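Architecture and fold: a report
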Amino acid sequence: MAAQVKVAVIYYSATGITYQMAQAAREAAGDAGAEVRLRKVRELAPDEAIRSNAGWSAHHLETQHIEEAQLDDLSWADVVILGAPTRYGMIAAQLKQFIDTSGPLWAQGALVNKVYSAFTSTATKHGGQESTLLSLFNVFYHWGGIVVTPGYTDPSQFVAGNPYGASHVSNNGETAPDDVALTATALTARRAVHIGAAVKKGLAG
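Residues numbered from 1 in each chain as written. Predicted model: local features only at pLDDT ≥ 70, side-chain atom pairs only at ≥ 80, totals over all residues. Heavy atoms only, no water.

**Brief notes about the pairing of strand β2 (residues 35-40)**
Worth spelling out the cut-off: Note on pairing: DSSP must find at least two bridges between two strands before they are called paired. In this description a helix means any DSSP run of H or I spanning at least four residues, a strand means any run of E spanning at least two, and both kinds are numbered starting from the N terminus.
As defined by bridge partners, strand β1 (residues 6-11) adjoins β2 across 6 bridges and the pair is classed as parallel. Bridge pairing in β2 links A8 to R37.

**With respect to the packing of aromatic side chains**
Each aromatic ring pair is described using two quantities: the centre-to-centre distance and the angle formed by the ring planes. Test applied: Only centres within 6.5 Å qualify two rings of Phe, Tyr or Trp (six-membered ring in Trp) as a pair; their planes then separate them into stacked at under 30 degrees, edge-to-face at over 60, and tilted for everything else. The cut-offs for exposure are 20% and 50% of the maximum accessible area for each residue type, with area from a 1.4 Å probe on protein chains only; residues under the lower value are buried, those over the upper are exposed, and the others partly exposed. Charge over a ring is defined by NZ of Lys or CZ of Arg lying within 6 Å of the ring centre and within 35 degrees of the ring normal.
Applying the stated criterion across every chain, the model contains 6 aromatic pairs. Judged by centre distance (5.7 Å) and plane angle (45°), the rings of Y11 and Y19 are tilted. Across the pair, Y19 and Y11 agree in class, each one buried. Judged by centre distance (4.8 Å) and plane angle (15°), the ring pair of Y116 and F140 falls under stacked. Taken together, the residues Y116 in strand β5 (residues 115-122) and F140 in helix α7 (residues 129-143) connect sequence positions 24 residues apart. Given the relative accessible area of 0%, F140 is considered buried. Sitting above the plane of the W76 ring, R37 keeps its charged end 4.0 Å from the centroid.

**Quick word on the nonpolar core**
Proteins that are soluble and globular tend to have nonpolar side chains buried together. Defined as follows: As used here, the term nonpolar core means buried Ala, Val, Leu, Ile, Met, Phe, Trp, Tyr and Cys residues forming a set that is joined through side-chain atoms within 4.5 Å. The contact criterion used throughout is that any non-hydrogen atoms of two residues lie within 4.5 Å.
One finds I10, L95 and F140 to be the most contacted residues of the largest nonpolar core, which totals 30 residues. Those elements that provide at least two residues to this core are β1, α4 (71-76), β3 (79-87), α5 (93-100), β5 and α7. No other element matches α7, which puts 6 residues into this core. If we skip the residues at most four places from it in the chain, F140 touches L82, Y116, S117, A118, G145 and V147.

See the structure below:
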């Protein structure tokens, strides 16, 4: 019997938009038979900044039960799915800071031959979704990973329209992920698990 695929869904979310996408990825990966860890990265913003935004403050309190991501989550996983909102066309600093701590694992070769996927959200249409996902792919290339995207592998992707990964326009945090975004996130996770299982089986053979 093939070993169960281990999936780490690691995300950053300020007001909860990306968190909802992370939940969709977690559920889809679990439904696909994987063992899943859902982890948030550490918040870097000062308390006064968080308190100044009602949505940010509320989400910060609502997700206190979510464990913070550790490097062990990366080394443990066969599949890593990262998600964060865009900041000026790049990933949010909170996720970038976590990635920047991965040097020891990278130096040990502990991140190679894993499957990686990503999702993102923007405040506005054309607000940097593709460039944010591509910036994450650059990290995966350096790690020696195998990048899996949703592509146009399902009819739903011709509605979602982003072959690089799942994405959503939040209208400055006012619009929660809709069925289109959540379907794309779930598809991304299922494909990552499917390819991850094949890679794990092949490496064990």
